[in-house]
Amino acid sequence: QAQGASAHTSIGDVPLQTNHNGPCQILLRPENMRIQAVADSTLSIKDIRFLGARKEVTIQTPESDIFVNISARSTIKIGDNIKITPIEACPSWTN
């Protein structure tokens with residue numbers, strides 16, 4: 001659900017490149033997200049795939065699984081509760 005330049009999603013509030021009010025589609029690129037371990041979150045690490053200089057992390061949200069690319073140096077591990085923060089505003093549109 002968007003309100004102006006942000007939208008409330010299952011991963012938290014996401015900044016938008018375009019203002020919207022009401023339902024909208026959001027493009028969250030896996031490389032455009034930062035994750036951080038936090039104790040009080042409904043998001044958790046379900047799986048990690050090592051891909052050379054990066055890891056592809058599967059994150060379980062209350063609604064579905066999503067994928068995020070992170071540095072291979074990250075110490076995030078399976079089972080960690082996490083917070084996701086978009087690095088920059090996301091493209092969005094309405095139908």
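Structure shown above.
Note that the coordinates shown come from a computational prediction; the quantities given were computed from them, not determined experimentally.

Peer 1: Explain the side chain of T58 to me, using residue names and the numbers behind them.
Peer 2: Position of T58 relative to the elements: it lies in strand 6 (residues 54-60). A relative accessible area of 10% places T58 in the buried class.

Peer 1: How would you explain the pattern of salt bridges if you had to name every residue and give the values?
Peer 2: For the structure shown, the criterion picks out 4 salt bridges. Between E31 and R29 there is a salt bridge; the shortest N-O distance is 3.1 Å. Taking the relative accessible area as the measure of exposure, E31 reaches 44% and is therefore partly exposed. With a relative accessible area of 43%, R29 lands in the partly exposed category. Note that D65 and K46 form a salt bridge whose closest N and O atoms lie 2.6 Å from each other.

Peer 1: Pulling in residues and values, what's your account of the side chain of N69?
Peer 2: Tracing the backbone through its elements, the reader meets N69 in strand 7 (residues 65-71). In terms of polar contacts, N69 uses its side chain to reach the side chain of R54, at 3.0 Å. Apart from the residues lying within four places of it in its own chain, the contact partners of N69 are P30, E31, M33, R54, K55 and E56.

Rules of the game
Residues numbered from 1 in each chain as written. Predicted model: local features only at pLDDT ≥ 70, side-chain atom pairs only at ≥ 80, totals over all residues. Heavy atoms only, no water. Helix = DSSP H or I, 4+ residues; strand = E, 2+ residues; numbered from the N terminus. Buried < 20%, exposed > 50% of the residue type's maximum accessible area, 1.4 Å probe, protein only. Salt bridge = Lys/Arg side-chain N within 4 Å of Asp/Glu carboxyl O. Polar contact = N/O pair within 3.5 Å; in protein donor to acceptor, adjacent residues only side chain to side chain. Contact = heavy atoms within 4.5 Å.

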